[in-house]
Amino acid sequence: MEATSAVRADRWLWAVRLYKTRSLACAACNAGHVEINGHPCKPARSVRPGDMIRALAGEINRTVKVLAVLENRIGAKLVPRYLEDLTPPSEYEKAREKTVAPAGQRPKGAGRPTKKDRRLLGSFFGLDE
């Protein structure tokens, strides 16, 4: 795999696994969720080693530094060769906090729902009688 001197932003974002598909990377660039060196970028903008990229991937605002460019997607174990992750740990914690138990689930071992619990669940799901 030969590295080039510059590559399209959407292609690089996809290749280093910041986005699942290249079309998602392209859509993020068009929506203004990707900045290179502090400036919003279009999908065709060139990415070079040393560039700082800030991208909104899901709910996490990722900040990475480009170490090398590549054209093809690589395995997850090889990603650290091509980028340096500068994302603050608070961003990852923010994403973990949002994962909560699904609504309407009871703790294991809580037993059969009482009449009050059933009514509460029924009102939540719109099953009022």
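Heads up: the structure comes first, above all this text.
Caption draft 1: How the structure looks around a nonpolar patch on the surface. Side chains of F124, F125 and L127 sit close together on the surface and give an oily, nonpolar patch of about 360 Å² of accessible area. You can see F125 is positioned in the segment after helix 4 (115–124).

Caption draft 2: Quick look at the pattern of salt bridges. Under the definition given, this model contains five salt bridges. Among the ionic pairs, R62 bridges to D85, the shortest N-O distance being 3.5 Å. Within this pair, whereas R62 is found in strand 6 (residues 60–66), its partner D85 is found in strand 7 (residues 83–85), the two being separated by 23 residues in sequence. A salt bridge links E91 to K94; its shortest N-O distance comes to 3.4 Å.

Caption draft 3: Geometry of the sheet that holds strand 6. Read across the sheet, five strands follow the order 3-2-5-6-7 without closing on themselves; strand pairing throughout is antiparallel. With partners counted over all chains shown, the strands left at the sheet margins are strand 3 (39–40) and strand 7, one partner each. Here strand 2 (residues 34–36) runs beside strand 3; their pairing, made up of two bridges, is antiparallel. Within the sheet, the bridge partner assigned to I36 lies in strand 3 and is H39. In the packing of helix 3 (residues 89–97) onto the sheet, the strands contacted are strand 6 and strand 7, and the crossing angle to strand 6 comes to about 150°.

Caption draft 4: View of the nonpolar core. In terms of nonpolar packing, the biggest core is built from 27 residues, with W12, L13, Y19, V34, V47 and I53 touching the most fellow members. Among the elements of the structure, helix 1 (9–15), helix 2 (22–31), strand 2, strand 5 (52–57) and strand 6 are those that each provide at least two residues to this core. Per-element tally for this core: the top contributor is helix 1, with four residues. Excluding residues within four positions of it along the chain, V34 makes contact with L13, Y19, A28, C29, H39, P40, C41, I53, R54 and A55.

Analysis parameters
Residues numbered from 1 in each chain as written. Predicted model: local features only at pLDDT ≥ 70, side-chain atom pairs only at ≥ 80, totals over all residues. Heavy atoms only, no water. Patch = residues over 30% accessible without salt bridge, like charges linked within 9 Å, V, L, I, M, F, W, Y side chains within 5 Å. Areas by Shrake-Rupley, 256 points an atom, 1.4 Å probe, with all protein chains shown as cover. Salt bridge = Lys/Arg side-chain N within 4 Å of Asp/Glu carboxyl O. Helix = DSSP H or I, 4+ residues; strand = E, 2+ residues; numbered from the N terminus. Pairing = 2+ DSSP bridges. Contact = heavy atoms within 4.5 Å. Axes fitted to C-alpha atoms, helices over the stretch in contact; angles between N-to-C directions. Core = buried A, V, L, I, M, F, W, Y, C linked by side-chain atoms within 4.5 Å. Buried < 20%, exposed > 50% of the residue type's maximum accessible area, 1.4 Å probe, protein only.

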